Amino acid sequence: MSNIDNTFRNFQLEVLAGERDFKVSVKENGVIFSFDFSKVYWNPRLSTEHERIVKRLHNNCLLFDACSGVGPFSIPAAKKCRVFANDLNPESFAWLKYNTEKNKLRPGSISCYNMDARDFIREVMAPNLIELANISPENGEGRKEIHITMNLPALA
């Protein structure tokens, strides 16, 4: 493996023996994630952080995940609250959508986007935050607790 040195945060891998197949399935915090390890970013050492954040969420929360990858924050969170998940990498986006379907999330619990994080913040997150700010308690809707994860803030 080499350093992560590209826009999509994936590694250059070298096969020492066997077939050149990097498709894997892993289970993290009770959720199964499938992806092609050669085309997406995955770090199993972040599982404790993923779990810590998701444990803070409840049904009155909204999560905006600007750099979601294949969904380690977003998919378990969508089992508890409404999620807006985004990743710039088209491969990560495709696997995010696949993992969303595979884990049988309830309809409407997650919306997936394939955008630059800056555009996601401007075009998806900001309008939703403005809409939420205009919700009054009189119309029967309570205020939402808003969480934002940006796993790669240096480039976003």
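Quantities reported herein were computed from a predicted structural model and do not represent experimental measurements.

1. Examining the nonpolar core
Now for step 1: Grouped together as the largest cluster of nonpolar side chains are 20 residues, with contacts concentrated most on Phe33, Phe35, Val70, Ala77, Cys81 and Val83.
Now for step 2: Elements with a minimum of two residues in this core: β2 (31–36), β3 (61–65), α2 (74–78), β4 (82–86) and α3 (90–102).
Now for step 3: Apart from the residues lying within four places of it in its own chain, the contact partners of Val70 are Phe33, Phe35, Val40, Trp42, Ile75, Ser92, Trp95, Leu96 and Asn99.
Now for step 4: In this structure, Leu62, Met115, Ala117 and Leu132 belong to the second largest nonpolar core, which totals 11 residues.

2. Concerning the pairing of β2
Now for step 1: Here β2 lies mainly inside the structure; five of its six residues are buried.
Now for step 2: Sheet topology places strand β1 (residues 23–28) next to β2; six bridges connect them, and they run antiparallel. Counterpart to Val24 in the pairing with β2 is Phe35.
Now for step 3: Between β1 and β2, which pair antiparallel and follow one another directly, the connecting turn spans two residues, one of which, Asn29, has a positive phi of 50°.

3. Some remarks on unusual backbone geometry
With glycine set apart, most residues show a phi of negative sign, and most peptide bonds adopt trans.
Now for step 1: Despite not being glycine, Asn29 has its phi angle at roughly 50°, a positive value.
Now for step 2: Along the chain, Asn29 falls in the loop between β1 and β2.
Now for step 3: By relative accessible area, Asn29 is classed as partly exposed at 36%.
Now for step 4: Positive phi, normally seen in glycine, also occurs at Lys104, with a value near 50°.
Now for step 5: With respect to the secondary-structure elements, Lys104 resides in the loop between α3 and β5 (110–113).
Now for step 6: Look at Lys104 and you get exposed, because its relative accessible area is 72%.

Here is what the cut-offs are and how they apply
Residues numbered from 1 in each chain as written. Predicted model: local features only at pLDDT ≥ 70, side-chain atom pairs only at ≥ 80, totals over all residues. Heavy atoms only, no water. Core = buried A, V, L, I, M, F, W, Y, C linked by side-chain atoms within 4.5 Å. Buried < 20%, exposed > 50% of the residue type's maximum accessible area, 1.4 Å probe, protein only. Helix = DSSP H or I, 4+ residues; strand = E, 2+ residues; numbered from the N terminus. Contact = heavy atoms within 4.5 Å. Pairing = 2+ DSSP bridges.

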